[in-house]
Amino acid sequence: MARAERILVGVINGAFGVVGEVRLTSFCSSPDAIENYCPLHSDDGNRTFHIELTGKAGKHKHLIAKLPDIDTRKKANQLRGTKLFANRDAFPALPEDEFYHSDLVGLEARNTDFTKMGRIVSVQNHGANDILEISRSGFKDPELLAFKRDTVPKVDIENGYIVVDLPK
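Residues numbered from 1 in each chain as written. Predicted model: local features only at pLDDT ≥ 70, side-chain atom pairs only at ≥ 80, totals over all residues. Heavy atoms only, no water.

Section: the overall build of the protein chain
- Along the backbone of the protein chain there are two helices and 13 strands.
- Seen through its C-alpha atoms, the protein chain measures out along the principal axes to roughly 60 × 30 × 30 Å.
- A buried classification covers 39% of the 168 residues belonging to the protein chain.
- Across the protein chain, contacts joining residues at least 24 apart in sequence account for 48% of those joining residues at least 6 apart.
- On the protein chain, roughly 10100 Å² of surface is accessible, and the fraction owed to carbon and sulfur atoms is 48%.
- When the 23 basic and 24 acidic side-chain charges of the protein chain are each reduced to a single mean position, those positions are 7 Å apart. (Helix = DSSP H or I, 4+ residues; strand = E, 2+ residues; numbered from the N terminus. Buried < 20%, exposed > 50% of the residue type's maximum accessible area, 1.4 Å probe, protein only. Contact = heavy atoms within 4.5 Å. Areas by Shrake-Rupley, 256 points an atom, 1.4 Å probe, with all protein chains shown as cover. Lys, Arg positive; Asp, Glu negative; His and termini not counted. Charge placed at Lys NZ, Arg CZ, Asp CG, Glu CD.)

What follows is the structure in structure tokens.
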């Protein structure tokens, strides 16, 4: 399975002030790290952004950033909703048992007997653990599974699958 060449690291939420700064949400584990992955790219790859973090807003929910050539509130607001992607090679290698969420999405989920169960469609984290959302054929609702060693004993990124040991 091929790794994504670009990884979603943030989104521009709109203007901040009147001189072209933007509010953005970082999806990095350390939000300020988004600045380290520049240049960032739009979803379609047609725009490149070099951001400079200048502050925080909204009880630190959002970062404030300056972008070259964005010098008015109107220009900043035109970027609202722009997803920011970083080149994959800008990210450090991870230890053996750690994974980037983007590497898990799309993997086939197999039962312990290796029969196909479904496919990972998202990885979420609401505080305690990462949660895998697995789309299953023939089921209306996805399977939500804690991403822990006892429920996911094997992850094989190279061959494109995980092994799932569902609780009884």
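So, next bit.
Some details on the pattern of salt bridges
- On inspection of all chains with the given rule, the structure shows seven salt bridges.
- For arginine 110, the salt bridge identified is with glutamate 108, shortest N-O distance 2.6 Å.
- Overlapping salt bridges, with partners in common, bring together Glu108, Arg110 and Arg119 in one network. (Salt bridge = Lys/Arg side-chain N within 4 Å of Asp/Glu carboxyl O.)

Things to note about the sheet that holds strand 11 (residues 143–146)
- The six strands are arranged 11-10-9-8-13-12 in an open sheet whose pairing can be described as mixed. Strand pairing shows two members of the sheet lacking a second neighbour, strand 11 and strand 12 (154–156), which therefore form its edges. Each strand of the sheet is rotated relative to its neighbour by a mean of 35 degrees, with strand direction disregarded.
- Bridge analysis of strand 12 against strand 13 (residues 161–164) gives three bridges, and the strand direction is antiparallel. Opposite lysine 154, over in strand 13, you have valine 163 as the bridge partner. (Pairing = 2+ DSSP bridges. Axes fitted to C-alpha atoms, helices over the stretch in contact; angles between N-to-C directions.)

Quick word on the nonpolar core
- One finds Val9, Leu24, Ile34, Leu40, Ile51, Leu67 and Leu84 to be the most contacted residues of the largest nonpolar core, which totals 24 residues.
- Going through the elements one at a time, strand 1 (6–16), strand 2 (21–26), strand 6 (62–66) and strand 7 (83–87) are the ones with two or more residues in this core.
- At four residues, the largest contribution of residues to this core is made by strand 1.
- Excluding its chain neighbours within four sequence positions, the residues that come into contact with leucine 24 are Val11, Ile12, Asn13, Ile34, Ile51, His62, Leu63, Ala65 and Leu84.
- Counting residues in hydrophobic clusters, the runner-up holds twelve residues, among them Leu107, Val123, Ile134 and Ile162. (Core = buried A, V, L, I, M, F, W, Y, C linked by side-chain atoms within 4.5 Å.)

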